[in-house]
Amino acid sequence: MLYCPSADANRAPLRFFCAAGATFLRKQGCSLIERSAGILLPLSSLPSPHGIGTMGKAAYDFADFLAAAGQKYWQLLPLGPTGCGDSPYQSFSSLAGNPYFIDLDLLVEDGLLTREEVNGRDWGADPRRVDYGRLYENRFSLLETAKARGFARDREAVAAFEAENAHWLPDYALFMALKRHFHMKPWSEWDEDIRLRKSAGVLARYRELLREDAELFTYIQFLFFRQWAALRNYVHARGIRIIGSSNESIDMAEDRERFDTLMGQLGIARPKGCLVESVEEAMAKTEELEYPLIVRPSYVLGGRAMQIVYDQAELRQYLKEAVVASHEHPVLIDQYMVGREVEVDAISDGNDVCIPGIMEQIERSGVHSGDSIAVYPPQHLSQEIIETLTDYTREIAKAMNVKGLVNIQFIVVKDKVYVIEVNPRASRTVPFMSKITGINMVEYATRIALGESLKDTGLPLGLVPDKGYVAIKAPVFSFSKLGLVEIKLGPEMKSTGEVMGIGHTYQEALYKAVVAAHLTVPAG
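Let me sum up the structure you'll find in this document. Remember, predicted model here, so these are calculated numbers, not experimental data.

Cut-offs used in this document
Residues numbered from 1 in each chain as written. Predicted model: local features only at pLDDT ≥ 70, side-chain atom pairs only at ≥ 80, totals over all residues. Heavy atoms only, no water. Buried < 20%, exposed > 50% of the residue type's maximum accessible area, 1.4 Å probe, protein only. Helix = DSSP H or I, 4+ residues; strand = E, 2+ residues; numbered from the N terminus. Pairing = 2+ DSSP bridges. Core = buried A, V, L, I, M, F, W, Y, C linked by side-chain atoms within 4.5 Å. Contact = heavy atoms within 4.5 Å. Phe/Tyr/Trp six-rings, centres within 6.5 Å; stacked < 30°, edge-to-face > 60°. Lys NZ or Arg CZ within 6 Å of the ring centre and 35° of its normal. Axes fitted to C-alpha atoms, helices over the stretch in contact; angles between N-to-C directions. Salt bridge = Lys/Arg side-chain N within 4 Å of Asp/Glu carboxyl O. Expected span 1.5 Å × (residues − 1). Arc of directions from axis to C-beta.

**Focus on the pairing of strand β9 (residues 331–335)**
The side chains of a regular strand alternate between the sheet's two faces.
Alright, step 1. Across the 5 residues that make up β9, a large majority, 5, are buried.
Alright, step 2. Neither face of β9 is left uncovered, since the one carrying V331, I333 and Q335 and the one carrying L332 and D334 both have all their residues buried.
Alright, step 3. As defined by bridge partners, strand β6 (residues 273–276) adjoins β9 across 4 bridges and the pair is classed as antiparallel. Its bridge partner being in β9, G273 is matched across the sheet by D334.
Alright, step 4. Summarising the sheet, strand β7 (residues 293–297) and β9 pair through 5 bridges and their orientation is antiparallel. Of the residues in β9, the one forming a bridge with I294 is D334.

Dropping the structure here:
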């Protein structure tokens, strides 16, 4: 398929089946977009005699198979360590690698293990299933043996690896060492001294006490990323691209300290807030904030367990009953701001963005965007504010190196724009924006994830001009079927669907959306 700059305004594709014609059009400045395909296969699904698929021979063989079959892409993520319930989607870290994917045969070749040590373990009788209990016992004892043999030999390389990953690796290694010390119990069941950091220097004492265990988890990550780098380079050399979400971008958005640092570097304001790991820490840090506050767990979707609290008593009750704050699951606290919430869905290639449109919410701030009525284009924002929103979206997406879809939520307070949160992923409003603007956001984001740039796609850069009509997204609720559910709207999403109303005016579009959603507005 070819896209030509001289094509019509919509850049309609011109199909040519003649090599000579394709050559001619290339000379005219057209870009060739080749049809390609790929496979979704997690590493864990590869064949292995050692309990689970790894980054070993089977992975290299599969890369050869993909190349021979003419495939161009391999989706093999997630690669993070499995957490509670052995789920990769509840990981102890968004940046660490899964120790189970370290190939034992490669460790044998590296002199870190012997063949007898590897083959002498019981890996289970059913090769179709992963026995995580057996896997944990066998893998970590073998990795301890590998560390005993290789840590001194690789000391300089490990030190360089640790320095390169200093923003997360030491904390991760200590956390995993603490988990092991307390028999893998959740943070809430650790000794009170370390759990609540009650005594001065408690972290330093545990770092020294668990130094060897922390070194083990550091070395495990060193082994993982050494094997991962080798496999990734081999796959790319075979002409295959690995696709998937960037852990770095996700962690940048969800790690409060890193996100605040990034916003400070960009000069973008955000509501005052903090990240806490205990009730005591929350009480201390929120003394500088004004109530009410919005509190939520980190790394959640749909506003799960989010709440507005109005005083210290409610905050303490939330932290004890709704969620348990911990190093493993920190809680985010933001100062509640009264203003107009605005939402932007954009397509980014890491350098620039295409923003199909901007939506403003009708409800008060603090209502989850999934439960709000959203209006396109904004009816109450000045041109200066719209330009600021566009600039901030571009700067944030570029700084986070987002390649694909990004959702950013802002709040405008007294003509000043604050960023509430950034989600480097698709949001529920992507279908809405795609329909009303005619820009298939998923298609273009996928093409960018597979290597194209915004310029290649022919999409306009920056904010796309309005379509000349008004579109409104209204939520649909199921309260009539769920009699015991609290109907008051807040930061936790409660809607079960949505409808769209389109009209020549704001009033017409709103009327259609309200009627379609079966929302009853009392008279008077």
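Past the structure itself, the notes keep going.
**Brief notes about the nonpolar core**
Alright, step 1. The biggest cluster of nonpolar side chains holds 62 residues, and the ones touching the most others in it are L43, W74, L107, L113, L178, L223 and W228.
Alright, step 2. Elements that contribute at least two residues to this core include exactly α2 (57–68), α3 (104–109), α5 (132–150), α6 (155–164), α7 (169–181), α9 (202–209) and α10 (211–237).
Alright, step 3. Here this core takes 11 residues from α10, the largest share from any one element.
Alright, step 4. The contacts of L107, once residues within four sequence positions are left out, are I102, L112, L113, L143, A146, L223 and Q227.

**Describing the packing of aromatic side chains**
Alright, step 1. Overall, the coordinates contain 18 aromatic pairs when judged by the stated rule.
Alright, step 2. For the pair F182 and Y206, a centre-to-centre distance of 6.3 Å together with 45 degrees between the ring planes defines the contact as tilted. With a gap of 24 residues between them, F182 in the loop between α7 and α8 (192–195) and Y206 in helix α9 connect regions that are remote in the sequence. Note on accessibility: F182 and Y206 belong to one class, buried.
Alright, step 3. Ring geometry for F224 and F225: centres 4.9 Å apart, planes at 80 degrees, overall edge-to-face.
Alright, step 4. Taken together through their ring pairs, the aromatic side chains of F151, F161, W168, Y172, Y219, F222, F224 and F225 make up a single cluster.
Alright, step 5. The ring of F151 has K147 lying over it, and the distance from NZ or CZ to the ring centre is 5.1 Å.
Alright, step 6. One Lys or Arg, R195, reaches over the ring of W187 and ends 6.0 Å from the middle of that ring.

**Notes on the sheet that holds β7**
Alright, step 1. The antiparallel open sheet is built from 4 strands, whose spatial order is β6-β9-β7-β8. Pairing within the sheet leaves two strands with one partner each, and these edge strands are β6 and β8 (307–309). Within the sheet, the average angular offset between the axes of one strand and its neighbour, ignoring direction, is 25 degrees.

**Overview of the pattern of salt bridges**
Alright, step 1. Scanning the model with the defined rule gives 27 salt bridges in all.
Alright, step 2. With a closest N to O distance of 2.9 Å, D110 and R226 form a salt bridge. Taken together, the residues span a long stretch of sequence, with D110 in the loop between α3 and α4 (115–119) and R226 in helix α10 at a distance of 116 residues.
Alright, step 3. By relative accessible area, which is 28% here, D110 ends up partly exposed.
Alright, step 4. Two residues, R211 and E208, come together in a salt bridge whose shortest N-O distance is 3.9 Å.
Alright, step 5. Connected through shared salt-bridge partners, D110, R153, D154 and R226 make up one network.

**Side note on helix α15 (residues 383–399)**
A turn of α-helix holds 3.6 residues, and therefore any two residues three or four places apart point the same way.
Alright, step 1. Between the first and last C-alpha of α15 there are 24 Å, a value that for 17 residues agrees with the 24 Å anticipated at 1.5 Å per step.
Alright, step 2. All buried positions along α15 are accounted for by I385, I386, L389, T390, Y392, T393, I396 and A397. Buried residues of α15, viewed axially, fall in a sector of 165 degrees; they line one side. Away from its buried face by more than 90 degrees, α15 exposes Q383 and E384.
Alright, step 3. Note on α15: the residue one or two positions beyond its end, N401, has a positive phi of about 55 degrees.

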